[in-house]
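# Observations on chain architecture
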Amino acid sequence: MIGRIIKLYILFCLALSVYSQSPGGSPPTYSRSLETALRTELFTTNTYSVLQRPEDRTRVKVSMTLLTVNDMDIKTQIMSVSGYFSLSWLDDRLSWTNTSATSQDYTNVRFLFSTETYVWKPALIVENSVDSISVITDKNIPMRINPIGNIEWNPTGIYLVSCSSDITYYPLDQQTCTIKLTTWGYTNNEIYLVYDTKPIELGFYSENGEWVLVSASGEQVQDKSRGGQSFSSLSFSITLRRRPLFHALNTILPVVLMAFLIPMVYRLPVDSGEKIGYSLTVLLAYAVYLTLISDNIPSTSVSVCYLTVYLVIVLGLGVLSVVFVILVISTFHLGDKPVSSCLGAIGRLIAKIICNDKCSCCHKKQNPDTVTPITESKKLPAEMQLEDDEITETPMTYQAFSVLLDRFLFYAYLTIVTVTTFLFSLLGFVHFASL
């Protein structure tokens, strides 16, 4: 009797065990031992190989999360950004949804976490990196594995990439840089990269103090060819616009104000003895500013900076002003000597251009020995010719010529500087408004 009871108890336990493992039974609850058993079965029992890709042609979805733009140096033509790539691919060797293929039901294990030491990952490089060109790797970043074998990996980093700068409208410029991601070792027939639903994620982006993020997008590019083989490649485009306030106050405004100091040298009297010193001081100030700006732009001939062109023009005007000031001073110190007929004609032309009615040498002077009757209403032609011969012209002196030349150069320089400044300012503002 006791033996029969023992047999029945054993049969009941066996039936209960079979029922608990049958499809109709509830799966075991999550526990550390259950996850350990799953890991052992996936990675050890099934002899998982980390060097073998999941399938013949593996599709890898890629997106990028941009955290911030650290720097955009147009002189060295390097952009530095902080962010991370989001990579996902399917590895059915790490799936545990099919309970018939596993030793027990692991349904309650919702995720597994592993690293690149134990799980295969695609070999990718940032092609236009200037820091180090190496395969993206980080053994400390976990991989998230879901029950169907889909793997998500988010390697982070600070990426320094080369960026061809357009300095035409510096400092009102806009730069477009790309981050080029390509496979390494695996050809396009073995791994191919595709964009995820959203190529660039900006939800965690922090603004940069110097640059405004205009746009960020993914651009489809042709696969790279190396050694006769094609490699899958993706490109992430980032467009930045410089904030103009700092450079407007510290670069553009001082340059424009100094440009209008050049004509003022012609308003200084020759007797003051400061004309040469003043013109040389302005010239040296402009040379210093040209050097400072040249230190901030790349040494390239692909594009020409309009600000540099403006500085060179004004610098040329400053050099010519030194020459003209020396000419004016040397002419002034010739004193009251009469000028030659050629210089006299030039002086009268200058007086007419600047409308100088106070120049006595440009007016005809009546001979005091000739008296014209008030009552005379008509004159014979011979009498009129005689009267014209008696009217003489005051000869122009070198001192008067230097005064006229000084005034003419003031108006000429003021006009040239104003027109040049207006045109370059208009060009910059129109470009900035169109961005």
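Everything here concerns the structure above.
So, a few notes on the structure that sits alongside this text.

Cut-offs and rules
- Residues numbered from 1 in each chain as written.
- Predicted model: local features only at pLDDT ≥ 70, side-chain atom pairs only at ≥ 80, totals over all residues.
- Heavy atoms only, no water.
- Helix = DSSP H or I, 4+ residues; strand = E, 2+ residues; numbered from the N terminus.
- Buried < 20%, exposed > 50% of the residue type's maximum accessible area, 1.4 Å probe, protein only.
- Contact = heavy atoms within 4.5 Å.
- Areas by Shrake-Rupley, 256 points an atom, 1.4 Å probe, with all protein chains shown as cover.
- Expected span 1.5 Å × (residues − 1).
- Arc of directions from axis to C-beta.
- Phe/Tyr/Trp six-rings, centres within 6.5 Å; stacked < 30°, edge-to-face > 60°.
- Lys NZ or Arg CZ within 6 Å of the ring centre and 35° of its normal.
- Axes fitted to C-alpha atoms, helices over the stretch in contact; angles between N-to-C directions.
- Parallel < 35°, antiparallel > 145°, perpendicular 65-115°, else oblique.
- Left-handed = near helix turned anticlockwise from the far one by under 90°.
- Nonpolar A, V, L, I, M, F, W, Y, C, P; charged D, E, K, R; others polar.
- Pairing = 2+ DSSP bridges.

## Re the overall build of the chain
For the chain, the helix and strand inventory stands at eight helices and 15 strands. Looking at the chain as a whole, 37% of its 435 residues are labelled buried. Restricting to contacts in the chain with at least 6 residues of sequence separation, those with at least 24 account for 79%. In the structure as shown, the chain presents an accessible area of about 24,900 Å², 60% of it carried by carbon and sulfur atoms.

## Some remarks on helix H4 (residues 275-294)
Here H4 spans 29 Å end to end across 20 residues, near enough to the 28 Å set by a 1.5 Å rise per residue. Residues of H4 that are buried: Lys-275, Ser-279, Val-282, Leu-283, Tyr-286, Leu-290 and Ile-293. One side of H4 carries all its buried residues, which in axial view fall inside an arc of 100°. Of the residues in H4, the exposed ones pointing more than 90 degrees away from the buried face are Thr-281 and Leu-284. Buried residues belonging to H4 abut helix H3 (245-259), helix H5 (306-332) and helix H8 (398-434).

## A word on the packing of aromatic side chains
Across all of its chains, the model carries 11 aromatic pairs by this definition. Taken together, the ring pairs in this structure connect Phe-85, Tyr-159, Tyr-195 and Phe-236 into an aromatic cluster. If you follow Arg-57 out to its NZ or CZ, it ends over the ring of Tyr-192, 4.1 Å from the centre. Over the aromatic face of Phe-111 sits the side chain of Arg-144, whose NZ or CZ is 3.8 Å from the ring centroid.

## Re the packing of H4 against H5
Between two packed helices, what matters for the description is the angle formed by their axes and the separation of those axes. Where H4 meets H5, the closest approach of the two axes is 9 Å, and the angle between their N-to-C directions is 165°. Considered as vectors, H4 and H5 are oriented roughly antiparallel to each other. Judged by the sense of rotation from one axis to the other, the crossing of H4 with H5 is left-handed. Of the residues in the contact of H4 with H5, the class split is 18 nonpolar, four polar and one charged.

## Quick word on the environment of Trp-184
As for its placement among the helices and strands, Trp-184 is situated in the loop between strand E8 (174-183) and strand E9 (191-201). Between the C-alpha atom of Trp-184 and that of Ala-123, which follows or precedes it by 61 residues, the distance is 5.4 Å.

## Digging into the sheet that holds E8
If you trace the four strands from one edge of the open sheet to the other, you get E4-E8-E13-E10, paired in antiparallel fashion. Both edges of this open sheet fall to strand E4 (124-126) and strand E10 (211-219), since each of them pairs with a single strand only. In this sheet, neighbouring strand axes are inclined to one another by 20° on average, regardless of whether the strands run parallel or antiparallel.

## Here we look at unusual backbone geometry
Of the consecutive residues Tyr-170 and Pro-171, the connecting peptide bond is found in the cis state with omega at 5°. In this fold, Pro-171 is placed in the loop between strand E7 (156-162) and E8. With a phi angle near 50°, Thr-47 is a residue other than glycine that sits in the positive phi range. In this model, Gln-77 sits at a positive phi of 55°, which is unusual for a non-glycine residue.

## Considerations on the pairing of strand E13 (residues 233-242)
A regular strand places its side chains so that they alternate between the two faces of the sheet. For E13, the buried fraction is high: nine of the 10 residues fall into the buried class. For E8 and E13, the ladder comprises nine bridges, and the chain directions are antiparallel. When the sheet's bridge partners are listed, Thr-182 is paired in E13 with Ser-233. In terms of strand pairing, E10 meets E13 through eight bridges, oriented antiparallel. Of the residues in E13, the one forming a bridge with Ser-217 is Ser-237.

## Some points on the pairing of strand E1 (residues 58-73)
The sheet contact formed by E1 and E9 spans seven bridges and is parallel. Among the inter-strand pairings, Thr-65 is bridged to a residue of E9, identified as Glu-201. As paired elements, E1 and strand E2 (residues 78-90) share 11 bridges and run antiparallel to each other. Across the sheet, Leu-66 pairs through a bridge with Gly-83, a residue of E2. Between E1 and E2, which pair antiparallel one after the other, the connecting turn spans four residues, and Gln-77 there sits at a positive phi close to 55°.

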